[in-house]
Amino acid sequence: MEGSSQQAPLVCPGHSRGVVQVSFSNATPDGVFLLSACLDGKPMLRRGDTGDWIGTFEGHKGAVWSAKFDAPAFRAATGSADFSARLWDALSGDQLSEFNCGHIVKSVDFAPDNNKLLCGGKFKKLKVFDLEKGALMRELDGHTAGVKSALYAPSGTTVFSGGEDKVLRVWDLNSGSQIKAFEVKKEITSMQLNCAGKVITLTSGTEVHFLDTDTLEMITTLECPIVNPTLGGNVKAQDITSASLSPDRAKFIAGGPADQAWPDPWVHVFDYATGKEVECNKGHHGHVWDVAFAPDGETYASGADDGTIRIWRTDPTKAKEGKDDAPAA
């Protein structure tokens, strides 16, 4: 690692428990927005550039593990420990639909046509709901343990899923069958669709895998053991919680683990070509659950166990005009 970053991020308080997922919207005429899923059960909507709070989606009765926008950012979906996935109007904050999944929901994702919702979780299968009819339209059965992440491919006919059974599975929605599987060393802790939908970034143990969504082949696998600077560089963590690849494929960011005596509160930046850690950002006071790049790649967000979101500059030498580093409202 070359050294710690001295940049001061935008700090977004408001949650009372750990922030387990952060998701940016696509660029819209009104800007970019940021969703946060939190263990306090109250997902929040913010401005993606300033981190300013816009609203809170009220209704879940358990921890919220996943929160995503549809393509135009008109609606949001959330998945919760209360066994439900819910659909929200992102403009008014009103709940539009509720889907009972029968167990904890760990992942939600909109189809590219915005008319279907993919859910995965402790129920060990994938559920696809028709949002126009408000009904379950398909189940994909094959996982032998809980699913932690499930994503649509840009085509809308292929989905990816991974979790506790240490297998990345690729599914064809037309036939409902599994068409490919990749075994990894440890459970899959996160998956993201990056680079305009061309790359799946997934984490498993100390490895970060990058999959081409067109060819369905692995592009590369990088071994990235994280050293927690708080511990004097003596302890190498065995589990990366999440990773996100920059739109230009120059860097990827990663959050460290919670399963050690002193949780890793740093946001780690790696060179994509070499897998070498090049930057380490200090700011959080609890382990980092999730990280995500903004669509333009100029900034990225991190959500942590301290209940805050922090927004960082990809190039710390570039100051944002008209913005300072005071905490966001």
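The structure presented is a predicted model; accordingly, all values stated were derived computationally and were not measured.

Would you mind going over the overall build of the protein with me for this structure?
When its secondary structure is counted, the protein shows 0 helices and 31 strands. Every one of the 329 residues in the protein was classed for burial, and the buried ones make up 57%. Looking at the protein alone, contacts between residues at least 24 apart form 44% of all its contacts between residues at least 6 apart. Surface summary for the protein: the accessible area is close to 13,200 Å², and the carbon and sulfur share equals 49%.

When you look at unusual backbone geometry in this model, what are you seeing that I'm missing?
The phi angle of most residues is negative, glycine excepted, and most peptide bonds adopt the trans form. At Ala73, a position not held by glycine, the phi torsion is positive, near 65°. Overall, the relative accessible area of 8% leaves Ala73 in the buried class.

I would appreciate a short explanation of the sheet that holds strand β2 (residues 10-12) in the present structure.
Either a parallel or an antiparallel arrangement is found when strands of a sheet pair, and the pairing is made through backbone hydrogen bonds. The strand order across the open sheet formed by 4 strands is β2-β31-β30-β29, and the pairing between neighbours is antiparallel. Either end of the sheet is taken by a strand with one partner, and the two such strands are β2 and β29 (288-293). Recorded for the sheet is a direction-independent mean angle of 20° between the axes of neighbouring strands. Sheet topology note: the β2/strand β31 (residues 309-313) ladder contains 3 bridges and is antiparallel. Its bridge partner being in β31, Val11 is matched across the sheet by Arg310.

Would you take a moment to explain the pairing of strand β10 (residues 95-100) for this structure?
Looking along a regular strand, one sees side chains alternate from face to face of the sheet. Examined bridge by bridge, strand β9 (residues 84-89) and β10 share 5 bridges and lie antiparallel to one another. From the neighbouring strand, Ser84 faces β10, where its bridge partner is Asn100. Remark: 5 residues form the turn of the hairpin made by β9 and β10, two consecutive strands paired antiparallel; Gly93 in that turn has positive phi of roughly 85°.

Help me understand the packing of aromatic side chains in this model?
When we look at a pair of aromatic rings, we describe it by the centre distance and by the angle of the planes. By the definition in use, this model includes 7 aromatic pairs. Look at Trp65 and Trp289: their rings are 5.8 Å apart centre to centre, the planes differ by 70°, and that puts the pair in the edge-to-face class. Of the two residues, Trp65 sits in strand β7 (residues 64-69) while Trp289 sits in strand β29, which places them 224 residues apart along the sequence. Each residue in the set Phe210, Phe252, Phe270 and Tyr272 is aromatic and connected to the rest through ring pairs, giving one cluster. Here Lys106 stacks its cationic end above the ring of Trp65, 4.3 Å away from the centre of that ring. For the cation-ring pair, Lys127 lies above Phe123, with the distance from its terminal atom to the ring centre recorded as 5.5 Å.

Mind showing me how you'd approach the side chain of Ser23 here?
Tracing the sequence through the fold places Ser23 in strand β3 (residues 19-24). For Ser23, the side chain forms a polar contact with the main-chain oxygen of Ala67, separated by 2.9 Å. Leaving out residues up to four positions away in the same chain, Ser23 has contacts with Phe33, Leu34, Leu35, Ala67, Lys68 and Phe69.

Please clarify how the sheet that holds β9 should be interpreted in this entry.
The 4 strands lie next to each other as β7-β8-β9-β10, forming an open sheet whose pairing is antiparallel. Taken across any chain shown, the strands that pair with only one partner, and hence form the sheet edges, are β7 and β10. Strand-to-strand twist of the sheet, defined as the mean angle between neighbouring strand axes without regard to direction, takes the value 15°.

Which parts of the structure should I look at to understand the side chain of Thr314?
Summarising the element assignment, Thr314 is placed in the segment after β31. What makes Thr314 buried here is its relative accessible area of 14%. Not counting residues within four places of it along the chain, the set of residues in contact with Thr314 comprises Lys251, Glu279, Phe293, Gly297, Glu298, Thr299 and Tyr300.

Hey, could you run me through the pairing of strand β28 (residues 277-281) in this one?
Counting buried positions along β28 yields 4 of 5 residues, so the element is predominantly enclosed. Where strand β27 (residues 267-271) and β28 come together, 4 bridges link them in antiparallel fashion. Its bridge partner being in β28, His268 is matched across the sheet by Cys280.

What is the right way to read the pattern of salt bridges from this model?
Side chains carrying opposite charge are able to pair once their charged atoms draw close together. Tallying each qualifying case throughout the model produces 15 salt bridges. Where Arg47 meets Asp49, a salt bridge forms, and the shortest distance between an N and an O atom there is 3.5 Å. Given the relative accessible area of 25%, Arg47 is considered partly exposed. Its salt-bridge partner being Asp214, residue Lys198 comes within 3.2 Å of it at the nearest N-O pair. Of this pair, Lys198 sits in the loop between β19 (188-194) and β20 (199-204) while Asp214 sits in the loop between β21 (207-212) and β22 (218-223), and the two are 16 residues apart along the sequence.

Just to check I follow, could you spell out the environment of Glu98 for this structure?
Looking at the secondary structure, you find Glu98 in strand β10. Distance in space between the C-alpha atoms of Glu98 and Leu87 is 6.4 Å, their sequence separation being 11 residues. Ignoring sequence-local partners within four residues, the contact set of Glu98 consists of Ser84, Ala85 and Arg86.

Calculation criteria
- By convention here, each chain's residues receive numbers from 1 onward along its written sequence.
- Totals for whole chains, interfaces and linings use every residue, but because this is a predicted model, local features are given only for residues with pLDDT of at least 70 and side-chain atom pairs only at 80 or more, for both listing and counting.
- Heavy atoms from the whole structure form the basis of all side-chain values; hydrogens and water molecules are not counted.
- Numbering of helices and strands runs from the N terminus, with a helix taken as a DSSP run of H or I at least four residues long and a strand as a DSSP run of E at least two residues long.
- Throughout, exposure labels follow a simple rule: accessible area from a 1.4 Å probe, protein chains only, divided by the maximum for the residue type, with under 20% read as buried, over 50% as exposed, and the rest as partly exposed.
- Contacts: residue pairs with any heavy atoms within 4.5 Å of one another.
- Each accessible area is a Shrake-Rupley result for a 1.4 Å probe, and residues are judged covered by the shown protein chains and nothing else.
- In short, DSSP must find at least two bridges between two strands for them to pair.
- Helix axes are fitted to C-alpha atoms over the stretch in contact, other axes to C-alpha atoms as well, and angles between N-to-C directions run from 0 to 180 degrees.
- Any Phe, Tyr or Trp ring, taking Trp's six-membered ring, that has another such ring centre within 6.5 Å forms a pair; planes under 30 degrees apart are called stacked, those over 60 apart edge-to-face, and the others tilted.
- Whether a charge sits over a ring depends on NZ of Lys or CZ of Arg being within 6 Å of the ring centre and within 35 degrees of the ring normal.
- Definition of a polar contact: a pair of N or O atoms within 3.5 Å, with one able to donate and the other able to accept a hydrogen when the atoms are protein atoms, and with sequence-neighbouring residues admitted only if both atoms are side-chain atoms.
- Here, a salt bridge means any side-chain nitrogen of Lys or Arg that lies within 4 Å of a carboxyl oxygen of Asp or Glu.

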